[in-house]
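# Observations on the model geometry
Single-letter residue listing:
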Amino acid sequence: MDLTGQKCRSDHLRQEWAELYLGARGLGTKYLKEEMGANTDPLSPENVLIFATGPLTGTNSPTGGRFCVITKGALTNAIACSNSGGQFGGELKLAGWDMIIITGKAKTPVYLLIQDEKVHLHSASDFIWGNTVWETEKKLRSKHQDPLIRIASIGSAGENLVRYACIVNDKDRAAGRSGVGAVMGSKNLKAIAVRGKKGVSVRDPKAFLSAVAESRSLLDPSEGRLQLAMNGTMGMLDITQAHGSLPTRNCRDVQFEGANKINLAAMKRPRESDHGANLQANKACFACPIGCGRVSKIDPEHFSIQGKPQYQEALGGLEYEAGYALGPMTGVSDIEAATYVNAACNEHAMDPISFGATVAAAMELFENDAISLKETNGVALKFGSAKGLVWAVDVTGRFKDFGQELALGSKRLCEKFGHPQFAMVVKGQEFPGYDPRAMQGMGLAYATSNRGACHLRADPYSDDFDHLQTKGKAKIVKESQDENSFIDSTGLCAFAFGDMGIDEVCDQLSAALPSSWNKQRAQDTGERIWNLERQFNLDAGFKKDDDTLPERVLKEPAKSGSGKGWVSQVPLMLQEYYQLRGWDPDGFPTKETLSRLGL
Ligand code: SF4
């Protein structure tokens, strides 16, 4: 879809690329790399924005509803690939599309309506531009008289180029990280609405159903699935708290004295006002038998929602990453305030991880007198202030007052106010909920992540919770980065893996696709995708020096917990990691590596 020329054309999928890069994250990155130069300004019309499904998206493979948004990130200037669930990805595939590639910039705000093969651009001016995500979804379904239209849209954050604006679909599922919503806003594209009635075909339906049944027989009775259904991901907060890897007050601490007020037990605790609890139910994305999504109801008497009827119903609840960023990272122990702020991030389409960590950085700036009450309109933006956090989301979501500064993200904000050391970021992207001093593998995973600090690019969790030593971490990080690159390219959710293994997914792929898949091919594909992303970043100007962590976690030892006295050992692990990757000492893939991977 060329927004500048307002022209749309359809093309067959490049099958030779699909054989090498599979789909979603991998194939989308290949198209991006071929379509534009890595030096493109992410907020210019030349940036390309790709919505890509995987080969299993839209099928009944367990969790087969994922899609990725691939572009150059507005927050990071690096490759961005943000993965979302909900119903939108499955619907796009049911409409017959593997991928939407958006180029250029519309002169005035527009939205894209896809109904099977019918594709139309409509004006969003005087209709949904300026509206929140929730209003946009309601208005589009009403206008087009179809309650089953699925919508991915931006809020005023994306329209105003908030650096960590995201794209929200189905009210509270998000392509959350790296500022993909700001890229969409820069193109004057408010929403993509899709309705599909065509179905998805696979090469050998009988073999495919049998492979899916085999996967379900492993996944359905598993303890991991039951835990995720009952508790979502918030159970992690008690683990990181006990371990001493819960980033607290902008990583000044690694344990939070208010943890028991904002953890899973607090979500379930009955409250006095309505005798209900914050947590009401769970919910699932397309074709998902797990259902880790949270449905919450904010305390009707809580200050944050007075006069705001849209927050008085059940809405998307806290998951661990948002819970950490809006709770311990800001020192706030008010679970109702954190739930409100999380919902407001959904309504305005902002990444709650980056938002929370940016507010935490602003709180440290405030406490160091780099920001005063004058800037904050009299609001004391101190660690632990629920009122400050709620005020911050309201002004940033609507891009008003000091919200225009918070919109910059931690790195740009801290540089502007003279304390770059307060930004807890890698490649400009804010930390997720694991302090690298007690989790050495996670530190290396953050430092080497192609999209900036991320908890989903590698899987060093169990080893990190087991021991602090750095030995063996580089191998775990490298291998799991490759595996996750493959998983993100299938159209499935990472949470389905573990009980359902790579072998089972390869059986599904072999039944669905023209060629056969096995574990080795999956690993090679993941490694190829990782190196392709790395090449994009190197072409964009990233260097070895960017594979690092903020000084705080490299120089200030953890004050408590199992990592007490430790700093991150990333510099020690980096060369071993490069060697395992087949990169030279400066972090460039060698000729042999590129040739082995067909790059
Ligand atoms: S496990 Fe959770 S995030 Fe993954 S597809 Fe299911 S409900 Fe969605």
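Keep in mind that what you see is a predicted model, and the values were worked out from it rather than measured.

Conventions adopted
- Residues numbered from 1 in each chain as written.
- Predicted model: local features only at pLDDT ≥ 70, side-chain atom pairs only at ≥ 80, totals over all residues.
- Helix = DSSP H or I, 4+ residues; strand = E, 2+ residues; numbered from the N terminus.
- Rg over C-alpha atoms; globule rule 2.2 N^0.38 Å.
- Contact = placed C-beta atoms within 7 Å.
- Domains from an automatic or database assignment.
- Nonpolar A, V, L, I, M, F, W, Y, C, P; charged D, E, K, R; others polar.
- Expected span 1.5 Å × (residues − 1).
- Buried ≥ 20, exposed ≤ 12 C-beta atoms within 10 Å, placed from the backbone.
- Core = buried A, V, L, I, M, F, W, Y, C linked by C-beta atoms within 7 Å.
- Pairing = 2+ DSSP bridges.
- Arc of directions from axis to C-beta.

### Some words on the overall build of the protein chain
- For the protein chain, the helix and strand inventory stands at 24 helices and 15 strands.
- Since a compact globule built from 599 residues should have a radius of gyration of about 25 Å, the 22 Å found for the protein chain is in line with a globular shape.
- Judged by the C-alpha coordinates and their principal axes, the protein chain covers about 60 × 55 × 50 Å.
- Across the protein chain, contacts joining residues at least 24 apart in sequence account for 71% of those joining residues at least 6 apart.

### Section: the domain arrangement of the protein chain
- According to the domain assignment, the protein chain consists of domain 1 (15–195), domain 2 (233–429) and domain 3 (467–597).
- Each of domain 2 and domain 3 has a C-alpha centre, and these two points are 29 Å apart.
- Domain 2 puts 16 residues into the contact, and the matching count from domain 3 is 17 residues.
- Of the residues belonging to the side of domain 2 that touches domain 3, the class tally is 9 nonpolar, 5 polar and 2 charged.

### Examining helix α2 (residues 24–35)
- Under the 1.5 Å per step criterion, the end-to-end length of α2 is 16 Å for 12 residues, consistent within 8% with the ideal 16 Å.
- The buried count for α2 comes to 9 of 12 residues, which makes it a mostly enclosed element.
- Of the residues making up α2, those classed as buried are Ala24, Arg25, Gly26, Leu27, Gly28, Thr29, Lys30, Tyr31 and Leu32.

### Side note on unusual backbone geometry
- Look at Leu22: it is not a glycine, yet its phi comes out positive at around 65 degrees.
- With respect to the helices and strands, the residue Leu22 is situated in the loop between α1 (15–21) and α2.
- Accessibility expressed as a C-beta count within 10 Å gives 29 for Leu22, which makes it buried.

### Quick notes on the nonpolar core
- Counting residues in each nonpolar core, the largest one holds 154 residues, and the members touching the most others are Ile50, Ile167, Val341, Ala361, Ala362 and Leu389.
- It is helix α13 (residues 352–367) that provides the largest number of residues to this core, a total of 10 residues.
- Other than its neighbours up to four places away in sequence, Ala361 contacts Asn250, Ser410, Leu413, Cys414, Phe422, Ala423 and Met424.
- Core analysis: the next-biggest nonpolar cluster, separate from the first, contains 29 residues, Leu219, Cys285, Ile290 and Trp517 among them.

### Here we look at the pairing of strand β12 (residues 293–296)
- As paired strands, strand β11 (residues 279–283) and β12 are joined by 4 bridges and run antiparallel to one another. Along β12, the bridge assignment pairs Asn282 with Arg294.
- Looking at chain direction, β12 and strand β13 (residues 315–316) are connected through 2 bridges and run antiparallel. When the bridges of β13 are listed, Val295 appears paired with Gly316.

### So, helix α23 (residues 570–581)
- The first and last C-alpha atoms of α23 sit 16 Å apart over 12 residues, in line with the 16 Å expected at 1.5 Å per residue.
- Residues of α23 that are buried: Val570, Met573, Tyr577, Tyr578 and Arg581. One side of α23 holds all its buried residues, which, seen down the axis, span an arc of 145 degrees.
- Those residues of α23 hidden inside the fold are in contact with α17 (440–448), α19 (473–487) and α22 (551–555).
- Among the residues trailing α23, Gly582 stands out with phi positive, at a value near 75 degrees.

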